[in-house]
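Results of the structural survey
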Amino acid sequence: MTLDELSNLMSSGAHVSMEVHALEAVVYVAYRLDGDRREPICGPDGQSVQFPSRFAAQLALRDAGVTEATFVHRSAYGEMIGMDTEDQDTELRETIRLSQV
C-alpha cells in the first residue's frame, strides 16, 4: 500500500490501524495492521518507505489522513543487563494522536 492508497482509504472513512517501527536511529517504517498481518507502506517502486525520523513519519501519516499511530521502539536493554529475554520482546510502544503533530 502506498501513501496515496492509504490517503484514499482514509478519505473513504475506513478505520486503519498503523504502527511505525524504529528499525535504527534514523530509519522508521510505517505499517498498516490487518489483523495479525503488517503491511508496509511502500513507494511507487514497491519498496518500503523509510522515514529519516519519527517526526517525518508522523507528518506523512497525518497528511495521509491517519489520526492515530503506535510507535514501536525495540530495545536490547534486557540483553545488555543479562536478563533472559529470549521469549520476550523488550519494546516501548507509544500510541499518539497525529492531529497533535
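Going by the structure above, here's the rest.
Residues numbered from 1 in each chain as written. Predicted model: local features only at pLDDT ≥ 70, side-chain atom pairs only at ≥ 80, totals over all residues. Heavy atoms only, no water.

With that settled, consider the overall build of the protein chain. Scanning the protein chain from terminus to terminus reveals three helices and six strands. The helix and strand sequence of the protein chain, counted from the amino end, reads α-β-β-β-β-α-β-α-β. Out of the 101 residues in the protein chain, the part that is buried amounts to 34%. For the protein chain, the proportion of contacts with a sequence separation of at least 24, taken over those separated by at least 6, is 49%. (Helix = DSSP H or I, 4+ residues; strand = E, 2+ residues; numbered from the N terminus. Buried < 20%, exposed > 50% of the residue type's maximum accessible area, 1.4 Å probe, protein only. Contact = heavy atoms within 4.5 Å.)

Our next topic: the layout of surface pockets. Estimates place the volume of the largest pocket at around 160 Å³. For the largest pocket, the lining is made up of 13 residues, of which H15, V16, S17, M18 and E68 are closest to its centre. Residues belonging to the lining of the largest pocket are distributed by class as follows: six nonpolar, five polar and two charged. (1 Å grid on protein atoms, 1.4 Å probe; cavity = no way out; pocket = protein on both sides within 12 Å on 5 of 7 lines; lining within 4 Å. Points joined across faces, edges and corners; volume = space filled by probe spheres on them. Nonpolar A, V, L, I, M, F, W, Y, C, P; charged D, E, K, R; others polar.)

Let us look at the environment of M10. Its place among the elements puts M10 in helix 1 (residues 3-11). For the pair M10 and G65, spaced 55 residues apart in the sequence, the C-alpha separation amounts to 5.7 Å.

A few words on the environment of A69. In this structure, A69 sits in strand 5 (residues 68-74). Residues A69 and A30, spaced 39 residues apart in sequence, show a C-alpha to C-alpha distance of 9.1 Å. When residues no more than four places from it in sequence are discounted, the contact partners of A69 are M18, L61, E94, T95, I96 and L98.

This part covers helix 2 (residues 54-63). Among the residues making up helix 2, those that are buried are A57, Q58, A60 and L61. Packed against the buried residues of helix 2 are helix 1, strand 1 (17-24), strand 2 (27-34), strand 4 (50-51), strand 5 and strand 6 (91-97). Immediately downstream of helix 2, the backbone of G65 shows phi near 100 degrees, a positive value.

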